[in-house]
Amino acid sequence: MIKVLQCSSCGKIHSIPGYHCKSCKSEKLDETEVPGKGTLYTYSTVHVPLATHEKEAPYTVAIIELEGGCKITGRILGTVDKLSVGLLVEVNEIKDEVYIFRLSD
Ligand SMILES: [Zn+2]
């Protein structure tokens, strides 16, 4: 599950942090959870990371468009030759507050 903000006026979901609804400008946002499924919006593999992530490289950072329309940043498992924009993905785990996605079966 992924925590998001849902607008109580129009129902659209938004990534955290958010201060007003990007759709209707309402400030009535309530925290809720969504299943963590979506599509791969874009991605990029990091080969030379910050020193704090040195042992994890290479890894692939991705923007996922969740069902419901909001985009969140995370990582995607799998080799780059298997990835392409628009593939169905789902959250695999949340590690150190980073969402780690995998391709859906
Ligand atoms: Zn709204």
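One structure accompanies this document, and this report is about it. For every chain, the first residue of the written sequence is number 1, and numbering continues from 1 along that sequence. For this predicted model, a pLDDT threshold of at least 70 governs which residues receive local features, and a threshold of 80 or more governs which side-chain atom pairs are given and counted, while totals over whole chains, interfaces and linings are taken from all residues.

## Section: the sheet that holds strand E6 (residues 71-76)
Stage number 1. Spatially, the 5 strands close up into a barrel ordered E4-E5-E6-E8-E7, and their pairing is mixed. Each adjacent strand pair in this sheet contributes to an overall mean axis angle of 45°, direction not counted.
Stage number 2. Two strands pair when backbone bridges link them, and E6 and strand E8 (residues 98-103) are joined in this way by 2 bridges, in the parallel orientation. Residue pairing for E8: Ile-76 is matched across the bridge by Phe-101. Two strands pair if DSSP finds at least two bridges between them. Working definition: helices are DSSP H or I runs of at least four residues, strands are E runs of at least two. Numbering for both runs from the N terminus. As a rule, the C-alpha atoms of each element are fitted with a line to give its axis, helices using only the stretch in contact, and angles between N-to-C directions run from 0 to 180 degrees.

## Structural notes on the sheet that holds strand E1 (residues 2-7)
By definition, the strands of a sheet pair up through backbone hydrogen bonds, in either a parallel or an antiparallel sense.
Stage number 1. Taking strand neighbours across the sheet as the criterion, the 3 strands line up as E2-E1-E3 in an open arrangement whose pairing is antiparallel. Two strands bound the open sheet, and with one partner strand each, they are strand E2 (13-14) and strand E3 (29-34).
Stage number 2. With 2 bridges connecting them, E1 and E2 associate as antiparallel partners. Counted as the bridge partner of Gln-6 is Ile-13 from E2.

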